[in-house]
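# Tertiary structure, described
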Amino acid sequence: MQTSEEAGRLSQIIDQKVEEFKGLTQGLDEETASRAPAGRWSPKQIVSHLCGPEGRGFLPSIVAIVEQDTPRIDIDPENPFFTEKRSRMTLSELLAEFESEYRRIAEFTTGLSEEQLGRKAHIPLLKETPMSEYPTCAAWIAAIGEHHLGMHIDHMREILQGLGVSAGSHKK
């Protein structure tokens with residue numbers, strides 16, 4: 001089975017977004033990373049959210065689309081997945097988990113064929129979106145690695161601004 005150009009493109013986008021996100025957190029100290037503007041998530045909670053459910057992450061949802069016929073995927077969009085274990089982790093440890101999760105997604109994506117990228121899932125939460133509740137595997141990967149990550153890059157910028165620090169230029 002031949003891998004597709006689209007798979008390579010999606011993988012590159014994920015890698016670029018990961019680097020952009022990590023750049024925002026460069027030199028962010030633990031105290032600041034644990035603080036949050038009123039009613040908002042802390043930087044550590046944003047990283048935790050991007051890691052997905054503890055012990056699972058987001059990769060299993062992509063694997064399910066490739067291996068099953070139209071699997072149902074339920075997502076919890078407002079959950080930071082900030083478990084007791086993650087709350088005790090340092091920002092560096094959370095960022096390592098984040099980077100590892102997206103590296104696994106990018107590596108898995110790179111090996112996908114056009115046929116696999118075209119397989120569909122049933123994601124009820126997406127019913128009212130342009131993607132519809134039956135996105136292709138490629139659309140789901142783009143949603144996770146481009147749109148979701150991109151949204152939280154902007155989110156992190158807002159939070160850091162709310163904390164009075166400029167992104168990527170923190171003092172240790």
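Reading guide: rules and limits
Residues numbered from 1 in each chain as written. Predicted model: local features only at pLDDT ≥ 70, side-chain atom pairs only at ≥ 80, totals over all residues. Heavy atoms only, no water. Helix = DSSP H or I, 4+ residues; strand = E, 2+ residues; numbered from the N terminus. Rg over C-alpha atoms; globule rule 2.2 N^0.38 Å. Buried < 20%, exposed > 50% of the residue type's maximum accessible area, 1.4 Å probe, protein only. Contact = heavy atoms within 4.5 Å. Core = buried A, V, L, I, M, F, W, Y, C linked by side-chain atoms within 4.5 Å. Phe/Tyr/Trp six-rings, centres within 6.5 Å; stacked < 30°, edge-to-face > 60°.

Quick look at the overall build of the protein chain now. When its secondary structure is counted, the protein chain shows eight helices and zero strands. Taken over C-alpha atoms, the radius of gyration comes to 16 Å for the protein chain, in line with the 16 Å a tight globule of 172 residues would show. Its C-alpha atoms give the protein chain principal-axis dimensions of roughly 50 × 30 × 30 Å. Buried positions account for 47% of the 172 residues belonging to the protein chain. Restricting to contacts in the protein chain with at least 6 residues of sequence separation, those with at least 24 account for 79%.

The subject of this paragraph is the nonpolar core. Counting residues in each nonpolar core, the largest one holds 46 residues, and the members touching the most others are Phe21, Val47, Phe98, Tyr102 and Trp140. Looking at this core, the element that brings in the most residues is helix 8 (residues 137-162), giving 12 residues. Setting aside residues no more than four positions away along its own chain, tryptophan 140 makes contact with Ser61, Ile62, Ile65, Ile73, Ile75, Ile123, Leu126 and Met131.

Here we come to the packing of aromatic side chains. Tallying each qualifying case throughout the model produces two aromatic pairs. Both rings, one in phenylalanine 21 and one in phenylalanine 98, keep their centres 4.9 Å apart while their planes meet at 50°; by these two values the pair is tilted. Note that phenylalanine 21 is positioned in helix 1 (residues 5-25) and phenylalanine 98 in helix 6 (residues 91-110), a separation of 77 residues in sequence. Among the residues examined, phenylalanine 21 registers a relative accessible area of 0% and is labelled buried. With a centroid separation of 5.1 Å and an interplanar angle of 50°, the aromatic rings of phenylalanine 98 and tyrosine 102 are classed as tilted.

All we've got here are geometric facts, nothing functional implied.
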